[in-house]
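This is what each chain is made of:
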Amino acid sequence: MKGLFRFAVLCLSALLTTFPAFSQEAPEEDVFHLVEANQAQQETAGRITVRRVWGDAKFLHNNTYLLCDSAAWNVERKVIDAYGHVKIIQGNTILCSDNLTYLIDQNLARFRGSLVDLFDKEGNTLRTESLDYNTKDSVATFMSGGALRDTSGNVMESRQGTYDSKTKTFTFERRVEMFFDSIEIKTSRMHYVADINKAFFGKDTYMWRGNGFLRANSGSHDRNSNVSYFANDVYMNDPTYEAWSEEVYYHQPTGKVEMLRNSQILDTAHTSYYLANCLVYEPA
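Below is a summary of the structure that appears in this document. (Residues numbered from 1 in each chain as written. Predicted model: local features only at pLDDT ≥ 70, side-chain atom pairs only at ≥ 80, totals over all residues. Heavy atoms only, no water.)

Thoughts on the overall build of the protein
Okay, so step 1: Scanning the protein for helices and strands turns up one helix and 22 strands.
Okay, so step 2: Of all 284 residues assigned to the protein, the portion counted as buried reaches 43%.
Okay, so step 3: Within the protein, contacts between residues at least 6 apart in sequence are counted, and of these 30% link residues at least 24 apart.
Okay, so step 4: Working note: accessible area of the protein is about 14900 Å², and carbon and sulfur atoms make up 50% of it. (Helix = DSSP H or I, 4+ residues; strand = E, 2+ residues; numbered from the N terminus. Buried < 20%, exposed > 50% of the residue type's maximum accessible area, 1.4 Å probe, protein only. Contact = heavy atoms within 4.5 Å. Areas by Shrake-Rupley, 256 points an atom, 1.4 Å probe, with all protein chains shown as cover.)

Okay, structure coming up:
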């Protein structure tokens, strides 16, 4: 029995030695390595060589770890299929799913058909069902809907988007929505910079809170101060008024609204009209 165990260990050691089969002239981080596994086996059929590993498998490529329960490595195609408790770990970015296909030459981890969660350093979680992660560029791309939840429970959604882990920026495109507290925002495009906790809105931005409505062509929301900023042809209304301005600051904690440049308010409840370069509303 001891002899069989020693033989298995020697076989695994030999496979680990031969697995990095690419040119050693490439930079070390560009070489795909099997770091460790409990079991390994190489199969050859004609011109096809498949290397299989089981049990706490760990691969390394582009300073990125790929962890899984088992994997099949097609040597000729340079493709890895990984299964079970799959993780991609690159710095402070972690992706988790049930399976993935890794295209070595393209530096591309492809998640398809099951939920994948992306976690960043700030504790934000992006969830989707179809995602590509480029380990060279450190950019994740989702194509069929994704939702980001931050540490405060605020939600950002869109049909497609990206996450650049180098700049800590999530970009949302197509049917973009953001929900926080009692506010809903829809926009054409949004950037969320995670390390400063701030979202930036594009054209055709709409905001609803209760009976209130706002429309603008650019803006931002700072989660640290809970202050929203809107600009470029801002229009607001509720059942009692209509308002227009070039810039608007909305202070969510106090309800204070600051209107700057070419500001106008039509008070329909009192049939009054106000025009000024700066108008400030503060709830009583």
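Let us keep going from here.
Details of a nonpolar patch on the surface
Okay, so step 1: A cluster of nonpolar side chains, namely W244, Y273 and L275, defines an oily patch on the protein surface of about 330 Å² accessible area.
Okay, so step 2: In this structure, L275 sits in strand β22 (residues 272–281). (Patch = residues over 30% accessible without salt bridge, like charges linked within 9 Å, V, L, I, M, F, W, Y side chains within 5 Å. Salt bridge = Lys/Arg side-chain N within 4 Å of Asp/Glu carboxyl O.)

Comments concerning the environment of L148
Okay, so step 1: Mapped onto the secondary structure, L148 falls in strand β10 (residues 146–149).
Okay, so step 2: Since its relative accessible area comes to 0%, L148 is described here as buried.
Okay, so step 3: Sequence spacing of L148 and N124 is 24 residues, and the spatial spacing of their C-alpha atoms is 6.8 Å.
Okay, so step 4: Here L148 is in contact with N124, T125, L126, N154, V155, M156, F170, F172 and Y192, once residues within four sequence places are set aside.

Overview of the pairing of strand β17 (residues 212–216)
Okay, so step 1: Where strand β16 (residues 205–209) lies against β17, five bridges are found, and the strand directions are antiparallel. Within the sheet, the bridge partner assigned to R209 lies in β17 and is G212.
Okay, so step 2: Where β16 hands over to β17, the hairpin turn is made up of two residues, of which G210 adopts a positive phi near 60°.
Okay, so step 3: Inspection of the sheet shows β17 paired to strand β19 (residues 227–238) by three bridges, in the antiparallel sense. Along β19, the bridge assignment pairs F213 with N237. (Pairing = 2+ DSSP bridges.)

Side note on the nonpolar core
Okay, so step 1: Within the largest apolar cluster, 56 residues are counted, with the highest numbers of intra-cluster contacts made by F59, I80, L100, F111, L131, F170 and F172.
Okay, so step 2: Ranked by the residues each element gives to this core, the list is headed by strand β13 (residues 169–180), at five residues.
Okay, so step 3: When residues no more than four places from it in sequence are discounted, the contact partners of F111 are V86, I88, L95, S97, N99, L100, V116, E129, S130 and L131. (Core = buried A, V, L, I, M, F, W, Y, C linked by side-chain atoms within 4.5 Å.)

A short note on the pairing of strand β8 (residues 125–134)
Okay, so step 1: With respect to burial, β8 is a largely interior element, seven of its 10 residues being buried.
Okay, so step 2: Note: strand β7 (residues 108–119) against β8, nine bridges, orientation antiparallel. Each bridged residue has a counterpart across the sheet, and for F119 the counterpart in β8 is T125.
Okay, so step 3: Pairing analysis gives four bridges linking β8 to β10, with the strands arranged antiparallel. Looking at β10, one finds that L126 is bridged to L148.
Okay, so step 4: Where β8 lies against strand β9 (residues 139–142), four bridges are found, and the strand directions are antiparallel. When the bridges of β9 are listed, L131 appears paired with F142.
Okay, so step 5: Taking the residues that link successive antiparallel strands as the turn, the β8-β9 hairpin has four residues, and the phi of S138 there is positive, at about 60°.

So, the side chain of N154
Okay, so step 1: Residue placement: N154 occurs in the loop between β10 and β11 (155–158).
Okay, so step 2: Every residue in contact with N154, bar those within four places of it in the chain, is listed here: L148, R149, F179, F180, D181 and R223.

Examining the side chain of N226
Okay, so step 1: Following the sequence through the fold, N226 ends up in the loop between β18 (218–222) and β19.
Okay, so step 2: Only 2.9 Å separates the side chain of N226 from the side chain of R223, close enough to count as a polar contact.
Okay, so step 3: What N226 contacts, discounting residues up to four positions off in sequence, is H221, Y250, H251, Q252 and P253. (Polar contact = N/O pair within 3.5 Å; in protein donor to acceptor, adjacent residues only side chain to side chain.)

Quick look at the environment of S188
Okay, so step 1: Relative to the assigned elements, S188 resides in strand β14 (residues 183–193).
Okay, so step 2: Residue S188 is classed as partly exposed on the basis of its relative accessible area of 35%.
Okay, so step 3: For the pair S188 and S218, spaced 30 residues apart in the sequence, the C-alpha separation amounts to 10.0 Å.
Okay, so step 4: For S188, the residues in contact, after removing those within four places along its chain, are F172, E173, R174, V176, G202, K203 and D204.
Okay, so step 5: In terms of polar contacts, S188 uses its side chain to reach the backbone carbonyl oxygen of K203, at 2.6 Å.

These values are about where atoms sit, not about what they do.
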